[in-house]
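Observations on the model geometry
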Amino acid sequence: HVPDIKFFINNEVCRVLKGGCFIFQTPNKVINIPWEIINNRSLTKWKTYHCSLQTPLSLKNLLTKSGISNIIVEKGNKLTQHNKNKVWKKAGLIGVFILYFLQICPVFISPNLWGKCKNEK
C-alpha cells in the first residue's frame, strides 16, 4: 500500500530504525496479481491498492540496496480459519486444497511474505 516503496525504505525506514529491526508483511506479487485479477474480475484494479507488490527476490534486492542486512523473508501460516473462510467463499473446496498446497510450497510462490531485517546504518 506504499506508492513509492524505494523512497519509503530509503527515507523513512532507514531514518527511523538506525540500527533497529524492520518487521514486515506484504503480499507476494507472483500470487497476488492473479488472485486479485480473478477476485475483482479486473486486470488493473489491484494497482490502486497494491501499488508496490514485490517478489521475495525483488524485496531482498530493494532492502539490500538501501543498506539493510540480515534479511529474512519467509512465509506465514496459510491455514488460518480466516484464510479458509475467505477462499471457501470464492473457490469452495478446491480453494481450501490450494491453501494446503500453499502451506507446503516454497516461499517464492507463497501468497504473503513475512520477514525481518536490520538497518546497520
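Remember, predicted model here, so these are calculated numbers, not experimental data.

**Quick notes on the overall build of the chain**
- Across its full length, the chain carries four helices and three strands.
- In sequence order, the chain lays out its α and β elements as α-β-α-α-β-α-β.
- Dimensions of the chain, computed from C-alpha atoms along their principal axes, come out at roughly 50 × 30 × 20 Å.
- A burial count over the chain gives 34% of its 121 residues as buried.
- Sequence-distant contacts in the chain: of pairs separated by 6 or more residues, those separated by 24 or more amount to 77%.
- Just so you have it, the chain exposes about 7,700 Å², and 62% of that area is on carbon and sulfur atoms.

**Re the packing of aromatic side chains**
- In the structure shown here, the tally under the stated rule is one aromatic pair.
- On the numbers, 5.6 Å between centres and 40° between planes, the contact of Phe22 with Phe24 is tilted. Like Phe22, the residue Phe24 is buried in the burial classification.

**What to know about the nonpolar core**
- Within the largest apolar cluster, 14 residues are counted, with the highest numbers of intra-cluster contacts made by Ile9, Phe22, Phe24, Leu63 and Ile68.
- Only helix H1 (5-17), strand E1 (21-27), helix H3 (56-65), strand E2 (68-75) and strand E3 (112-119) provide two or more residues apiece to this core.
- In terms of residue count, H1 provides more of this core than any other element does, five residues in total.
- Setting aside its immediate chain neighbours within four residues, Ile68 contacts Ile9, Val13, Cys14, Leu63, Cys117, Lys118 and Asn119.

**Re H1**
- Listing the buried residues of H1 in full gives Ile5, Ile9, Val13, Cys14 and Leu17. Buried residues of H1, viewed axially, fall in a sector of 100°; they line one side.
- In the segment just after H1, Lys18 is the residue with positive phi, at about 40°.

**With respect to the side chain of Thr26**
- On the secondary structure map, Thr26 appears in strand E1.
- With residues up to four places along the chain from it excluded, the contact list for Thr26 reads Leu59, Pro111, Asn112 and Leu113.

**Observations regarding the confidence of the model for the chain**
- The predicted model of the chain averages 88 in pLDDT, with 98% of residues at 70 or higher.
- The least confident element of the chain, judged by mean pLDDT, is helix H2 (residues 29-40) at 86; the most confident is H3 at 93.

The rules we used
- Residues numbered from 1 in each chain as written.
- Predicted model: local features only at pLDDT ≥ 70, side-chain atom pairs only at ≥ 80, totals over all residues.
- Heavy atoms only, no water.
- Helix = DSSP H or I, 4+ residues; strand = E, 2+ residues; numbered from the N terminus.
- Buried < 20%, exposed > 50% of the residue type's maximum accessible area, 1.4 Å probe, protein only.
- Contact = heavy atoms within 4.5 Å.
- Areas by Shrake-Rupley, 256 points an atom, 1.4 Å probe, with all protein chains shown as cover.
- Phe/Tyr/Trp six-rings, centres within 6.5 Å; stacked < 30°, edge-to-face > 60°.
- Core = buried A, V, L, I, M, F, W, Y, C linked by side-chain atoms within 4.5 Å.
- Arc of directions from axis to C-beta.
- pLDDT = per-residue confidence, 0-100.

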